[in-house]
Amino acid sequence: MKSIPVWRWPILLLILLISADLMFIGLEIIHTVGYASDNKFSLGTERGYSEVYQYVKFFWVAFLLGWLTIKMYQPIYGIGSLLFLYLLLDDSLEIHETAGGDIADWVGLAPALGLRGKDYGELAVYALVGTLFLALGWLAYRASNALARQISWYVLGGVIVLAIFGAGADMLHALLMNRFPWSDTPMLILEDGGELIALSGITWIVFSFANQELNTDLSYDKL
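Reading guide: rules and limits
- Residues numbered from 1 in each chain as written.
- Predicted model: local features only at pLDDT ≥ 70, side-chain atom pairs only at ≥ 80, totals over all residues.
- Heavy atoms only, no water.
- Helix = DSSP H or I, 4+ residues; strand = E, 2+ residues; numbered from the N terminus.
- Buried < 20%, exposed > 50% of the residue type's maximum accessible area, 1.4 Å probe, protein only.
- Contact = heavy atoms within 4.5 Å.
- Areas by Shrake-Rupley, 256 points an atom, 1.4 Å probe, with all protein chains shown as cover.
- Lys, Arg positive; Asp, Glu negative; His and termini not counted.
- Charge placed at Lys NZ, Arg CZ, Asp CG, Glu CD.
- Expected span 1.5 Å × (residues − 1).
- pLDDT = per-residue confidence, 0-100.
- Salt bridge = Lys/Arg side-chain N within 4 Å of Asp/Glu carboxyl O.

### Regarding the overall build of the protein chain
The helix and strand inventory of the protein chain stands at eight helices and zero strands. Along the three orthogonal principal directions, the C-alpha set of the protein chain runs to about 55 × 45 × 20 Å. Scored against the burial criterion, the 223 residues of the protein chain give a buried share of 43%. The contacts in the protein chain between residues at least 6 apart in sequence include a share of 69% that link residues at least 24 apart. Looking at the protein chain as shown, the accessible area adds up to about 12300 Å², and 71% of this sits on carbon and sulfur atoms. Measuring between centres, the 12 positive side-chain charges of the protein chain sit 11 Å from its 21 negative side-chain charges.

Written as structure tokens, this is what we have:
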């Protein structure tokens, strides 16, 4: 088989990931207009097709960063791996929704400014988990080499974009849905479609740097 240059693999991966993201966004639109009746085609369905696809990306980012931790002995990769493993568990087990509801009941958070008490509980969970990983990440960052630090900044940027869609757009969706029912589908596409694309970008970044760090393992240039 003809050899494929190493640099083309990350580009091909990005094209495939974004193409799949756009397909799922298209399926949401088709579902909304009534041509795909199965709710699993919807972006907002728990354990629907797009969400399972998202789980796979979380798993591979966690796996690649874990692999880099073992191969390169850089602690910042280990913290990143734990973060994406947590995000996988949170997304699949609805940890922040459950914990947010528990916090709201325990503290007695009342609805305000168009948000439910549960929404404020979820924001508290985001803040607690984010603070924990930022603190651990900072300690690991100081103990890592220059290349690992560079990679961590790119990944952090991707995580911030992911949080904007996953948490920020989610809260905006909750605010708008009651007042403007027509905004439900556009906001769902912005929220969940944005998350899909943001995580594809993170997957591509991690794969690209893993391809650079572990060339002989991930390049496939001998196929």
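Past the structure itself, the notes keep going.
### Quick look at helix H3 (residues 75-93)
Over its 19 residues, H3 extends 27 Å from the first C-alpha to the last, a length consistent with the 27 Å expected when each residue adds 1.5 Å. With 14 of its 19 residues buried, H3 lies for the most part within the structure. Where H3 terminates, the next one or two residues include glutamate 94, which has phi positive at roughly 60 degrees.

### Structural notes on the confidence of the model for the protein chain
The predicted model of the protein chain has a mean per-residue pLDDT of 84, with 90% of residues at 70 or higher. Confidence drops under pLDDT 50 across residues 1-6; counting only partners more than four residues distant or on other chains, this segment forms ten contacts.

### Focus on the environment of aspartate 170
One can find aspartate 170 in helix H6 (residues 146-179). Note on aspartate 170: relative accessible area 19%, which makes it buried. Through-space distance from the C-alpha of aspartate 170 to that of leucine 188 is 8.3 Å; in sequence the pair is 18 residues apart. Non-local contacts of aspartate 170, meaning those with residues more than four positions away in its chain, are made with Glu122, Tyr126, Phe165 and Glu191.

### Looking at helix H2 (residues 49-72)
In this model H2 runs 35 Å from its N-terminal to its C-terminal C-alpha over 24 residues, within 8% of the 34 Å that 1.5 Å per residue would give. Just beyond H2, the residue with positive phi is tyrosine 73, at close to 60 degrees.

### Here's the deal with the environment of leucine 115
Position of leucine 115 among the secondary structure elements: in the loop between helix H4 (95-107) and helix H5 (117-142). Measuring from C-alpha to C-alpha, the distance between leucine 115 and leucine 172 comes to 9.2 Å, with 57 residues separating the pair along the chain. Those residues in contact with leucine 115 that sit more than four places away from it in its chain are Tyr120, Met171, Ala174 and Leu175.

### What about unusual backbone geometry?
A positive phi angle is found at arginine 47, which is not glycine, with a value near 60 degrees. One can find arginine 47 in the loop between helix H1 (8-32) and H2.

### Side note on the pattern of salt bridges
A full pass over the atoms with the stated rule returns one salt bridge. Note that lysine 57 is salt-bridged to aspartate 21, the shortest N-O span being 3.1 Å. One end of the pair, lysine 57, is in helix H2; the other, aspartate 21, is in helix H1, with 36 residues separating them in the sequence. The exposure classification of lysine 57 matches that of aspartate 21, with both residues buried.

### Considering the environment of leucine 12
Tracing the backbone shows leucine 12 in helix H1. Judged by relative accessible area, leucine 12 falls into the partly exposed class, the value being 38%. The spatial distance from the C-alpha of leucine 12 to the C-alpha of tryptophan 204 is 9.6 Å, given a sequence separation of 192 residues.

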